[in-house]
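What follows is each chain in one-letter form.
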Amino acid sequence: MAINVSNQCNVQWLLLLVLLLTVSYGESRYSIPCTCRPIENPAALHTVPQLIRDQGYTVEVHNVTTRDGYILEMHRILPTNHKPKLQNPFLNSQSLEKESIGNLCHGKGGHVSFLMHGLLGSSSEFIMNSPDRALAYMMADAGWDVWMGNNRGNTYSRKHKNLDPDTDSKFWDFSWDTMGRYDLPAMLEYVRNHTGFSKIDFVGHSMGTRTFMAMMHYHPYIKSWINVMASLGPDVYINHMFEPAKTPLRLASIFEATITRTRGGEILESSLTADTCPVINSTIQFCKSNILQLVNSIRGAHIVEEFRPIIEAHNPAGSSIRSIAHYGQLLSSRGFTAYDYGRQRNLLEYGSVYAPELCLQRAQVPVALYWGEGDIISHPEDVKRLAAELPNVIVNHKVKYKEFGHLDFIWSKNATYIYYHLMRTFLNNACNNKLN
């Protein structure tokens, strides 16, 4: 994979800049100078439910409380007869001319899908495009009851029964394996109870795969809840990740204590929740815009320009520094392990001085892997290792576009190609009675 060296340096230093800016702003996350510029697209500051309504869909907001007190917000798009400007290519399939996908197989009338975002993301990942190109809208148009989760600490899940995210550092005492242990089980259980469907079609982008696999380690019984788990750009293993992208992860691991001390543990919060000014701060906007452009210039991220301001407003959506530092630990261990707190706390958390390996053999659900040659995060070699270790891979699909990258799975104007294959996988397994 040939990549321009100057672009490598630019990506590395811009990613470092974002991390170091976060550290250097110190004790107050509201101390950034308020130098603002007008927002080109007023919808940039709309929330996910507002953006969904803007497209003419029916949306619901649901909240669920985890066993350890975090209050998570989920967004639901009901199945619809909505007619997008450009017809959903899946609905135009010759074999499905008269009947929507979701109503073909289940007597209850459709499927339930659950979409889970990646690191520093939110439910916005799946609607950052027009209805004919965004996964959540395509699935709703095809008859799915679509639910989108939000992990603790992002724009929509900054609530707790007892802790204040702005003043209590304990709120940010979590990593992505904590999300797999508490967040995903709570959200999936709520969806099953609310819809009456016992099985769910699950889609995870990037870290959405990682948290799913952590969930299966801690709660293997949940296999009975899942029809198919589809992974877009799986990042369970990251040993072969694009080298400049590794540096911020290692730095996050080094600076975790500093960021926790100065900022309480939160990092890269969304423009929708930051109070620096009534519109997006121009400095941060500049950084985000340039990172997106550089990613685009290297591999993938073929973004529809009208959605760029909205993407920049919603991403990153915030998380704990520990979630990022945990990636840095994995680079050192070259494995798939729980967060390493150190010997003393490891004993309290795990009953061992070592952080345990998360067992992929417990993920005994049908898994579909979708990956691309141009992915600088989920390298083909790491996906190959994942596929070899999972017990039930039913699809291992290489995207045909060589330039298709990590962010293309959620933002690209060409993403409909992969979504077509993904939904076909769900449908085939259901209709052939392989899973029910």
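Check the entry above for the structure.
Because the structure is predicted, anything quoted here is derived from the model rather than measured.

### A look at the pairing of strand 6 (residues 200-205)
One face of the sheet, then the other: side chains in a regular strand alternate in exactly this way.
Now for step 1: Counting buried residues in strand 6 gives 6 out of 6 residues, a clear majority hidden from the surface.
Now for step 2: Summarising the sheet, strand 3 (residues 111-116) and strand 6 pair through 4 bridges and their orientation is parallel. Pairing of M116 across the sheet is with G204, part of strand 6.
Now for step 3: Inspection of the sheet shows strand 6 paired to strand 7 (residues 226-232) by 6 bridges, in the parallel sense. Its bridge partner being in strand 7, H205 is matched across the sheet by L232.

### Focus on the packing of helix 4 (residues 176-195) against helix 9 (residues 321-333)
Now for step 1: Interaxial distance between helix 4 and helix 9 falls to 8 Å at its minimum, and their mutual angle equals 115 degrees. When the axis of helix 4 is compared with that of helix 9, the two are roughly perpendicular. Contacts from W176, D177 and M179 of helix 4 reach helix 9 at S323, H326, Y327 and L330.
Now for step 2: For the contact of helix 4 with helix 9, the residue count by class is 4 nonpolar, 2 polar and 1 charged.

### As for the side chain of D132
Now for step 1: Looking at the element boundaries, D132 is found in the loop between strand 3 and helix 3 (135-141).
Now for step 2: Judged by relative accessible area, which is 9%, D132 ranks as buried.
Now for step 3: Reaching out from D132, the side chain makes a polar contact with the side chain of S130 at a distance of 2.9 Å.

### So, the packing of aromatic side chains
Now for step 1: Applying the stated criterion across every chain yields a total of 16 aromatic pairs.
Now for step 2: Centroid distance Y70 to F174: 5.9 Å. Interplanar angle 85 degrees. Geometry classified as edge-to-face. You can see Y70 sitting in strand 2 (residues 70-77) and its partner F174 sitting in the loop between strand 5 (159-160) and helix 4, a full 104 residues away along the chain.
Now for step 3: The exposure class assigned to F174 is buried, which follows from its relative accessible area of 0%.

### Quick look at the nonpolar core
Now for step 1: Counting 67 residues, the largest nonpolar core has F114, W176, L188, F202, F212 and M213 as its most contacted members.
Now for step 2: Excluding anything up to four places from it in sequence, F212 contacts L184, F202, I226, M229 and V365.
Now for step 3: Core analysis: the next-biggest nonpolar cluster, separate from the first, contains 47 residues, M128, V146, Y156 and I410 among them.

### Things to note about the pattern of salt bridges
Now for step 1: One pass over the structure, following the stated rule, counts 16 salt bridges.
Now for step 2: Put simply, R76 and E60 hold a salt bridge, and the shortest N to O gap is 3.0 Å. On the criterion of sequence distance, the pair formed by R76 in strand 2 and E60 in strand 1 (residues 59-65) is long-range, its members being 16 residues apart.
Now for step 3: When its relative accessible area of 10% is taken as the criterion, R76 is described as buried.
Now for step 4: A relative accessible area of 25% places E60 in the partly exposed class.
Now for step 5: Among the ionic pairs, E266 bridges to R158, the shortest N-O distance being 3.2 Å. In this pair, E266 is assigned in strand 8 (residues 266-267) and R158 in the loop between strand 4 (144-148) and strand 5, connecting sequence segments 108 residues apart.
Now for step 6: A relative accessible area of 2% means that E266 is categorised as buried.
Now for step 7: By sharing partners, the salt bridges in this structure join D173, E256, R322, R345 and E349 into a single network.

Conventions used here
Residues numbered from 1 in each chain as written. Predicted model: local features only at pLDDT ≥ 70, side-chain atom pairs only at ≥ 80, totals over all residues. Heavy atoms only, no water. Buried < 20%, exposed > 50% of the residue type's maximum accessible area, 1.4 Å probe, protein only. Helix = DSSP H or I, 4+ residues; strand = E, 2+ residues; numbered from the N terminus. Pairing = 2+ DSSP bridges. Axes fitted to C-alpha atoms, helices over the stretch in contact; angles between N-to-C directions. Parallel < 35°, antiparallel > 145°, perpendicular 65-115°, else oblique. Contact = heavy atoms within 4.5 Å. Nonpolar A, V, L, I, M, F, W, Y, C, P; charged D, E, K, R; others polar. Polar contact = N/O pair within 3.5 Å; in protein donor to acceptor, adjacent residues only side chain to side chain. Phe/Tyr/Trp six-rings, centres within 6.5 Å; stacked < 30°, edge-to-face > 60°. Core = buried A, V, L, I, M, F, W, Y, C linked by side-chain atoms within 4.5 Å. Salt bridge = Lys/Arg side-chain N within 4 Å of Asp/Glu carboxyl O.

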